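Observations on the model geometry
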Amino acid sequence: MTVIEAKVHRSSARNAKMAFILTAVIVGLLAAVVAASYWHPIVSLFVGALIGVPTGAAVWLLVRIWPVIRLLWWWSLETAMAVLLLTAWVQLANHTPTLVTLLVVALVVGVPAAIRPVRRQVKAWGWCLVVRHRLRVCFAQFIIANQSGSLPLILWAKPTPVGERVWVYLRPGLSAKDLEGRLDKIAVTCHASTVLIERASENNAAYLRFDIKRREVLTAHVSSPLVDVIDPTAPVSASPLTVPTALDLPDIDMPTVTLPTQGKPAKKPATTANGSKPAASSSSVPDDDTSDWI
């Protein structure tokens, strides 16, 4: 079984070598410059070498075992829980009789299994542990990593009402856009319904938040407290109320509105050829002869 891939192994060896050289040279020169103010320059060089080489070796060791540290980080919660449970079992078995030990174990295992809210919380946190490993499988199998083979760092996970929420820190070579096209594959790997990705920080694009959805809470049946408010001894009405469903317009009494009548507009007097109005005649002219003024 391959614990550390060959690509990651070669990359860590190359990075460790470069880190050793840079750290030894920089720290050695700085130490020699400081020591030159107290001793001879040749003695200062030896002092700088004595300080720079061990410092570079420590940095080389840290970079070289980084893949192993990352692997331990992936299983840190499971390892801590296993050590805690084993330690508790040994201490309990050494300081209590066998009957008391079995009774305590039965209570520790049986109470979470019998009480529904406690069982639900234990199951939710268990899924958080599973999802961290499933996301690591996604990054290792079908999501493109950088050239050195470094996978994103899966930080923490917590349960939500619909599933789990996981925070991930991407390495150089990946972005949120690269992951948006593979959300359906991530959902299949995590045994979920859908997966959403959002930025967890406005200042850092590498810090992402994965929202894994397993169930729909909006379609769940919620018990209403209004049922308990109704008095069961209240009398029931004998004749149910009739609610009208449609109305006919003739059945509605509308007020009658009477509009005022408008008379004929008064006729304007005609004008002469020069534009002046004709003088009024002493004799009355009938209305039928008004065409003679035009």
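Please refer to the structure placed before this passage.
Throughout what follows, the structure given in this document is the object of discussion. (Residues numbered from 1 in each chain as written. Predicted model: local features only at pLDDT ≥ 70, side-chain atom pairs only at ≥ 80, totals over all residues. Heavy atoms only, no water.)

**Topic: unusual backbone geometry**
With a phi close to 55 degrees, H191 is a non-glycine residue in the positive phi region. Inspection of the secondary structure assignment puts H191 in the loop between α8 (183–189) and β3 (194–199). (Helix = DSSP H or I, 4+ residues; strand = E, 2+ residues; numbered from the N terminus.)

**A closer look at the pairing of strand β2 (residues 163–169)**
Counted residue by residue, β2 has five buried out of seven residues, so it is predominantly covered. One ladder, built from six bridges, connects strand β1 (residues 153–159) with β2; its direction is antiparallel. By the bridge assignment, K158 is partnered in β2 with R165. Counting the residues that bridge the hairpin from β1 to β2 gives three residues. Pairing between β2 and strand β4 (residues 207–213): seven bridges, direction antiparallel. Considered in β4, the bridge of V168 is made with L208. (Buried < 20%, exposed > 50% of the residue type's maximum accessible area, 1.4 Å probe, protein only. Pairing = 2+ DSSP bridges.)

**Comments concerning the environment of R171**
When you line up the elements, R171 lands in the loop between β2 and α7 (176–180). Take R171: its relative accessible area is 18%, and that puts it in the buried class. In sequence terms R171 and P152 are 19 residues apart; their C-alpha atoms lie 5.3 Å from each other.

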